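If you want the building blocks of each chain, they are given just below.
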Amino acid sequence: MTALLQLEGLAVGWPGGGMVRRAVLEGLDLRLARGERVGLVGPNGSGKSTLFLTLAGVLAPLAGEVRIGGEALVPGRFHPGVGLVFQQAEDQLFCPTLAEDVAFGLHNRGLPEAEIAARLARALDDCDLTGLADRPVHHLSGGEKRRAALAGILALGPELLLLDEPSAALDLRSRRRLIALLAARDEAMLIASHDLELVLDLCPRVVVIDGGRLCADGPARDVLGDGALMAAHGQEVPHSLLPHDPPRHRHG
Ligand SMILES: Nc1ncnc2c1ncn2[C@@H]1O[C@H](COP(=O)(O)OP(=O)(O)O)[C@@H](O)[C@H]1O
Ligand SMILES: [Mg+2]
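Residues numbered from 1 in each chain as written. Chains lettered and ligands numbered in written order. Predicted model: local features only at pLDDT ≥ 70, side-chain atom pairs only at ≥ 80, totals over all residues. Heavy atoms only, no water.

Let us now look at the side chain of Ser-193. By secondary structure assignment, the location of Ser-193 is in the loop between strand 8 (188–192) and helix 6 (196–202). What Ser-193 contacts, discounting residues up to four positions off in sequence, is Leu-40, Val-41, Glu-165, Pro-166, Ser-167, Leu-198 and Val-199. (Helix = DSSP H or I, 4+ residues; strand = E, 2+ residues; numbered from the N terminus. Contact = heavy atoms within 4.5 Å.)

So, in structure tokens, the structure goes:
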């Protein structure tokens, strides 16, 4: 079967001082099936956000290929199948009210009003935001902003969601709510996160990137539970994968 996402020999870089673009990512091979959720783990600056901007069509590859549903991605052009949720919700929300923000992309696509209304209602409901539709965006809490940014992307109906540090700066309850919301969805997801417990909760598979290269790709518990691998890439084995002492009770 055709993979939903296929990267072959992908190299990406940012413009440097001159016209030369230094590669941030090199020789990346990766395949994602439809509906698959994969955690993307790597230290700060390892290129997770750069990869997302490339998959969203914002950055053009230096080399290699990106295929979505078998079709080559055209740099500079949005692919309707890919939805990027930015790390900072504030970077994504800019309309006066929540409802206008979530509907913005739908208007942009020139969809009929009735379809916009239906998709908006659905996305707000899916993200537990229905009661907040008319709220000014700057009066939303951090957790609500994060769900609002997600709703605006879900409304567009992507097949692949790119989530950049989705739990950053969320309190425990907002984080749980977000995890539950994402766990219930059918879209394929690439989730870049330092919150390895969130990755374990949501992703059966994890890839590690460091030094511009893909360093590991396998079942989440094997990859994240490998102490030496984690340490080599500036990570720690998440607490829930560490061996626990047998329960002890002290009396008196
Ligand atoms: N807008 C940009 N312009 C130039 N270089 C950038 C830009 N954004 C990121 N970089 C560089 O690309 C590399 C990877 O960064 P990034 O993709 O943000 O990593 P991560 O998301 O894994 O923390 C870093 O060396 C960073 O300095
Ligand atoms: Mg980043």
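From this point, things continue past the structure.
Let us now look at the sheet that holds strand 2 (residues 21–32). Pairing within the open sheet is antiparallel, and its four strands lie in the order 2-1-4-5. Lying at the two open borders of the sheet, with one neighbouring strand each, are strand 2 and strand 5 (71–72). Alignment of strand 1 (residues 5–15) against strand 4 (residues 63–68), held across five bridges, turns out to be antiparallel. Looking at the pairing, Leu-5 lines up with Ile-68 of strand 4. (Pairing = 2+ DSSP bridges.)

Further remarks concern helix 5 (residues 172–183). The terminal C-alpha atoms of helix 5 lie 16 Å apart, and with twelve residues this matches the ideal 16 Å at 1.5 Å per residue to within 8%. Taken together, the buried positions of helix 5 are occupied by Ser-174, Arg-175, Leu-178, Ile-179, Leu-181 and Leu-182. All buried residues of helix 5 project into a common sector of 165 degrees when viewed along the axis, lining one side. Along helix 5, exposed side chains directed more than 90 degrees from the buried face belong to Leu-172 and Arg-173. On its buried face, helix 5 is in contact with strand 3 (37–41), helix 3 (113–126), helix 4 (142–154), strand 7 (160–164), strand 8 and helix 6. N-capping of helix 5 is provided by Asp-171, with a side-chain oxygen placed 3.2 Å from the backbone N of Arg-173. (Expected span 1.5 Å × (residues − 1). Buried < 20%, exposed > 50% of the residue type's maximum accessible area, 1.4 Å probe, protein only. Arc of directions from axis to C-beta. Polar contact = N/O pair within 3.5 Å; in protein donor to acceptor, adjacent residues only side chain to side chain.)

Strand order in this open sheet of six strands is 6-7-8-3-9-10, and the pairing throughout is mixed. Each edge of the open sheet carries a strand with a single partner, namely strand 6 (82–85) and strand 10 (213–219). Neighbour to neighbour, the strand axes of the sheet diverge by 15 degrees on average, direction disregarded. Here strand 3 runs beside strand 9 (residues 205–210); their pairing, made up of four bridges, is parallel. (Axes fitted to C-alpha atoms, helices over the stretch in contact; angles between N-to-C directions.)

Now for the environment of Pro-246. Its location among the elements puts Pro-246 in the segment after helix 8 (227–232). A C-alpha to C-alpha distance of 56 Å links Pro-246 and Glu-115, two positions 131 residues apart in sequence.

Now for the site of ligand 1. Around ligand 1, the structure places Trp-14, Arg-22, Val-24, Pro-43, Asn-44, Gly-45, Ser-46, Gly-47, Lys-48, Ser-49 and Thr-50. A distance of 3.3 Å separates an oxygen atom of ligand 1 from a polar backbone atom of Ser-46. Take Lys-48: an N or O atom from its side chain is 2.8 Å from an oxygen atom of ligand 1. If ligand 1 stood free it would expose 560 Å²; the protein chains cover 59% of that surface. Secondary-structure elements contributing two or more residues to the shell around ligand 1 are strand 2 and helix 1 (48–55). When its residues are assigned to classes, the shell around ligand 1 shows three nonpolar, six polar and two charged. (Near = heavy atom within 4 Å. Areas by Shrake-Rupley, 256 points an atom, 1.4 Å probe, with all protein chains shown as cover. Nonpolar A, V, L, I, M, F, W, Y, C, P; charged D, E, K, R; others polar.)

Bringing the packing of helix 2 (residues 98–108) against helix 3 into the picture now. When two helices pack together, you describe them by how their axes are tilted relative to each other and by the distance separating the axes. Running from N to C, helix 2 and helix 3 point in directions that differ by 130 degrees, and their axes come no closer than 10 Å. In terms of orientation, helix 2 and helix 3 fall into the oblique class. As helix 2 packs across helix 3, the resulting crossing turns out to be right-handed. Residues Leu-98, Ala-99, Val-102, Ala-103, Leu-106 and His-107 of helix 2 lie in contact with helix 3, whose contacting residues are Glu-113, Ile-116, Arg-119, Leu-120, Ala-123 and Leu-124. Within the contact of helix 2 with helix 3, the residues separate by chemical class into nine nonpolar, one polar and two charged. (Parallel < 35°, antiparallel > 145°, perpendicular 65-115°, else oblique. Left-handed = near helix turned anticlockwise from the far one by under 90°.)

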